[in-house]
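# Summary of the model geometry
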Amino acid sequence: MLLNDNNYLAVVEQIKSEINNARYRATVSVNSELIMLYYHIGKIINEHKSWGNKFIDNLAKDIKLSLPSATGYSVRNLKYMAKFAAEYTDIEFVQTVSAQIPWSHNVLIMDKVKDSVQRKWYIEKTIENGWSHSVLTHQIESQLYERQVIVHKVSNFENRLPAPQSELAIQTMKDPYIFDFIPYKEDMVERDIEKALVQDVTALLLELGTGFAFMGNQYHINVGGDDFYIDLLFYNINLRCYVVIELKTGEFKPEYAGQLNFYLSAVDGILKKPEDNPTIGLLLCKNKNDLVAEYSLKDMNKPIGISEYKVTGILPDDLATQLPSIEDIEKRINKK
């Protein structure tokens, strides 16, 4: 079947990338000029800040009088230009990094992220993923940097996967995963969470990260005449491998890793093609003891990561820019 073929998924991703790159190239030069203009205006304002608070107020009025059709020179925005120039003193960084994202994104990052290393990371991830303003807001407010970079990640990827797949798999992991698009209920079981995740696959793909394609939930595999059902199955274009996700509503238990290890063996034996990398497993639990989880993975022969997840019930504003699911692709093709 073409629609379930991994090579086809790779072609879809490649075409999407070409389209996005063309759009990016068409706008980045204009955006870059605007950012550099704002940066130089900010520097001029800062050179004359001794003129007092009324300076910016009068400047905004005079620009409006002289250039009535010009927009973006309100008192508020002029103050942001001054802040931008004061906080980003390296003009090369502004030209090569900050100027690659829209002004509204720069303002958002200045407002919500104070650490310079984190600011650079969010800018680079925005460039890499093409995040809209509202998606960037969501990523910052859900503390993506802390969950993906700072956190101690429990996995055996480094010992079970070849480089560079192991590094990429580790970078892809988060802890915890935030499912804030799920209406929270106190008595939720695994199937309730799974059903809610599948109902908003686009939001789920956003939280999982770049390159995930949804293959199905309760995915049926038959091993030696016995039926088994995988909670969530994905294919990751960047890692070029299947990703099996199992959900548990309680505390992590060592036997969960054993079950997931079996599923990975089954997927490798039944679905994996020669060109695919080894299948990766991700076990999501409500809570985990890191030491118990690390010991559980120590002698496990398949690549597995263990993370917590949280359900908060806050819906992000914009989730429309992510990779479509297999079902979405099928629907679009069937309509033609």
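Look up: the structure comes first, before these words.
The present account deals with the structure reproduced in this document. (Residues numbered from 1 in each chain as written. Predicted model: local features only at pLDDT ≥ 70, side-chain atom pairs only at ≥ 80, totals over all residues. Heavy atoms only, no water.)

Here the focus is the nonpolar core. Core analysis: the biggest nonpolar cluster contains 39 residues, and L78, F84, Y88, W103, I109 and Y122 have the highest contact counts within it. Not counting residues within four places of it along the chain, the set of residues in contact with Y88 comprises Y39, F93, V94, S98, I109, M110, R119 and I123. With 31 residues, the next largest nonpolar core counts F157, M188, A203 and L239 among its residues. (Core = buried A, V, L, I, M, F, W, Y, C linked by side-chain atoms within 4.5 Å. Buried < 20%, exposed > 50% of the residue type's maximum accessible area, 1.4 Å probe, protein only. Contact = heavy atoms within 4.5 Å.)

A few words now on empty space enclosed by the protein. Throughout the structure, instances matching the rule amount to two cavities of 30 Å³ or more. By volume, the largest cavity amounts to about 100 Å³. Lining the largest cavity are F157, A169, T172, M173, Y177, F212, L239, V243, I280 and L282. Secondary structure elements with two or more residues in the lining of the largest cavity: α10 (165–172) and β6 (280–287). Among the residues forming the lining of the largest cavity, the class breakdown is nine nonpolar, one polar and no charged. (1 Å grid on protein atoms, 1.4 Å probe; cavity = no way out; pocket = protein on both sides within 12 Å on 5 of 7 lines; lining within 4 Å. Points joined across faces, edges and corners; volume = space filled by probe spheres on them. Helix = DSSP H or I, 4+ residues; strand = E, 2+ residues; numbered from the N terminus. Nonpolar A, V, L, I, M, F, W, Y, C, P; charged D, E, K, R; others polar.)

Take helix α5 (residues 103–112) next. Burial within α5 is extensive, with seven of its 10 residues counted as buried. Those residues of α5 not exposed but buried are W103, H105, N106, V107, L108, I109 and M110.

Of all eight residues in β6, six are buried, a share of seventy percent or more. Sheet analysis places strand β5 (residues 241–251) next to β6, joined by seven bridges and oriented parallel. Following the sheet pairing, E251 is matched in β6 by N287. With respect to chirality, the unit in which β5 leads through helix α13 (residues 254–270) into the neighbouring parallel β6 is right-handed. Judged from the five bridges that link them, β6 and strand β7 (residues 304–310) form a sheet pairing that is parallel. Directly across from L284, in β7, lies its bridge partner S307. With helix α14 (residues 290–298) bridging β6 and its parallel neighbour β7, the resulting β-α-β unit is right-handed. (Pairing = 2+ DSSP bridges. Right-handed = clockwise from strand over helix to strand, strands pointing away.)

A few words on the environment of L233. Of note, L233 is situated in strand β4 (residues 226–236). Distance from L233 to G216, taken between C-alpha atoms, is 5.5 Å for residues 17 residues apart in sequence.

Computed from the structure, the second largest pocket encloses a volume of approximately 350 Å³. Lining the second largest pocket we find 21 residues, and of these K125, E128, Q148, G209 and T210 sit closest to its centre. When contributions to the lining of the second largest pocket are tallied by element, the ones reaching two or more residues are α6 (116–129), α8 (144–150), α10 and α12 (201–208). For the lining of the second largest pocket, the element with the most residues is α6, which contributes four residues. For the lining of the second largest pocket, a count of residues per class yields eight nonpolar, 10 polar and three charged.

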